[in-house]
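# Structural features, examined
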Amino acid sequence: FANNRQFTSFREDHMGALTRVFDRTVWAKYQENQNSTVILETFTEATPENVASTVEMLAAYGCTTFIVGNETNIPDTPWFNKFDIEYNFCKVVWDKLVSLGVKNFKVGPAAPAYLGGAGEYQRERLKAFKDFAKGEAIPVNFQPTHYYGSVNTMQDWISFPDYFSELGSPAPEFYQ
């Protein structure tokens, strides 16, 4: 949706950028494939209010699957292991979809970068989310995963529904 560290801030004109991204998202949704997944970049510039309003706009056009953040396990980044911030944004998205009466929605936390140890990272995050929820339901119902190993060695990293949002085999060069 906005693959940038700043929420829709790839242009100076924030509202114009949001409108262009929204238009492209809705256009893509109504092509042959009626399914859509929205990846909301939520770190550094996002606020609960602009995330909630974006979710409301996209849900009005039938978007019901949201991944909140991206690759939060990368060391030396401002969002590294910020499980509390990630949890809070997942809750914003979850609560907005509930308040809108959206049926059969999906909310997932950020897919970890494929750096090795993703399974342990996912278990650690899920434990933190359970602690933040204080006995209530956690505001996620699937786990996005970036997996670039051989499909012959794929494994279930955790006993939580996986959703492969990036999948591929390693190549000699990372960009391939």
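Here goes a summary of the coordinates provided. Everything quoted here is computed from the prediction, not taken from an experiment. (Residues numbered from 1 in each chain as written. Predicted model: local features only at pLDDT ≥ 70, side-chain atom pairs only at ≥ 80, totals over all residues. Heavy atoms only, no water.)

## Thoughts on the pairing of strand S2 (residues 65–68)
Here S2 shows a buried face lined by Thr65 and Ile67 and a second buried face lined by Phe66 and Val68. In the sheet, S2 pairs with strand S3 (residues 106–109) via 4 bridges, with the strands oriented parallel. When the sheet's bridge partners are listed, Thr65 is paired in S3 with Lys106. Where the polypeptide runs from S2 across helix H3 (residues 83–99) and back to S3, its parallel neighbour, the crossover connection is right-handed. (Buried < 20%, exposed > 50% of the residue type's maximum accessible area, 1.4 Å probe, protein only. Helix = DSSP H or I, 4+ residues; strand = E, 2+ residues; numbered from the N terminus. Pairing = 2+ DSSP bridges. Right-handed = clockwise from strand over helix to strand, strands pointing away.)

## Considerations on the environment of Ile138
Position of Ile138 relative to the elements: it lies in the loop between helix H4 (118–133) and strand S4 (143–147). By relative accessible area, which is 14% here, Ile138 ends up buried. Distance from Ile138 to Tyr87, taken between C-alpha atoms, is 8.5 Å for residues 51 residues apart in sequence.

## Regarding the packing of aromatic side chains
Summed over the entire model, instances satisfying the criterion amount to 4 aromatic pairs. Ring geometry for Phe83 versus Tyr121: centroids 5.5 Å apart, planes at 55°, classification tilted. Of this pair, Phe83 sits in helix H3 while Tyr121 is found in helix H4, placing the two residues 38 residues apart along the sequence. Residue classification places Phe83 among the buried positions, given a relative accessible area of 7%. The exposure class of Tyr121 is buried, given its relative accessible area of 7%. With 5.4 Å between their ring centres and 50° between their planes, Tyr87 and Phe132 make a pair best called tilted. Taken as a pair, Tyr87 in helix H3 and Phe132 in helix H4 lie far apart in primary sequence, 45 residues in all. Here the aromatic residues Tyr87, Phe129 and Phe132 are joined through ring pairs into a cluster of three or more. (Phe/Tyr/Trp six-rings, centres within 6.5 Å; stacked < 30°, edge-to-face > 60°.)

## Examining the packing of H3 against H4
Close contact between H3 and H4 brings their axes to 10 Å; oriented N to C, the two are set at 65°. For the element pair H3 / H4, the angle class is roughly perpendicular. In this structure, the crossing between H3 and H4 has a hand that is right-handed. Across the interface between the two elements, Phe83, Asp84, Glu86, Tyr87 and Cys90 from H3 touch Tyr121, Glu124, Arg125, Ala128, Phe129, Phe132 and Ala133 from H4. Residues belonging to the contact of H3 with H4 are distributed by class as follows: 8 nonpolar, no polar and 4 charged. (Axes fitted to C-alpha atoms, helices over the stretch in contact; angles between N-to-C directions. Parallel < 35°, antiparallel > 145°, perpendicular 65-115°, else oblique. Left-handed = near helix turned anticlockwise from the far one by under 90°. Contact = heavy atoms within 4.5 Å. Nonpolar A, V, L, I, M, F, W, Y, C, P; charged D, E, K, R; others polar.)

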